[in-house]
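Residues per chain, in single letters:
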Amino acid sequence: MIPGAVLGWDMSAALAMAQALGVNTLIAAELLPEIEAVMVRKLNEQMEGGRDG
């Protein structure tokens, strides 16, 4: 855990949400790590930008 940084998602919760929404869980399991990586990077960039300015 790092204060002020996003490290990742709870993949169990993300897969459960995908299943509840009717998304194929095999497809979600393949795509979520890629989506997570982009979202974590962008969120951390936004938080870092907020500290600078």
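Residues numbered from 1 in each chain as written. Predicted model: local features only at pLDDT ≥ 70, side-chain atom pairs only at ≥ 80, totals over all residues. Heavy atoms only, no water.

**As for the side chain of E36**
Definition in use: In DSSP terms, a helix is any run of H or I states spanning at least four residues, a strand is any run of E spanning at least two, and both are numbered starting from the N terminus. For this analysis, a polar contact is any N or O atom pair within 3.5 Å, provided that within protein one partner can donate a hydrogen and the other can accept it, and provided that sequence-adjacent residues contribute only side-chain to side-chain pairs. Here, residues are in contact when the closest pair of their heavy atoms is within 4.5 Å.
Mapped onto the fold, E36 is located in helix α2 (residues 25-52). A polar contact is formed between the side chain of E36 and the backbone nitrogen of W9, at a distance of 2.7 Å. Look past the residues within four positions of E36 in its chain and what remains in contact with it is G8, W9 and M11.

**A closer look at a nonpolar patch on the surface**
Convention followed: Patch members must show over 30% relative accessible area and no salt bridge, and they are joined within 9 Å when carrying like charges or within 5 Å when they are nonpolar side chains of Val, Leu, Ile, Met, Phe, Trp or Tyr. Areas reported here follow the Shrake-Rupley algorithm with a probe of radius 1.4 Å; residue values treat only the protein chains shown as occluding. We define a salt bridge as a side-chain nitrogen of Lys or Arg found within 4 Å of a carboxyl oxygen belonging to Asp or Glu. The classification of residues rests on relative accessible area computed with a 1.4 Å probe and restricted to protein chains. Under 20% of the type maximum is buried, over 50% is exposed, and intermediate values are partly exposed.
There is a patch of nonpolar side chains on the surface, built from W9, I27, L31, I35, M39 and L43 and spanning about 500 Å² of accessible area. W9 gets classed as partly exposed once you look at its relative accessible area, which sits at 32%.

**Notes on helix α1 (residues 11-20)**
Regarding α1, its N-cap is D10, as a side-chain oxygen of that residue lies 3.1 Å from the backbone nitrogen of S12 further along. One or two residues past the end of α1 sits G22, with phi positive at roughly 85 degrees.

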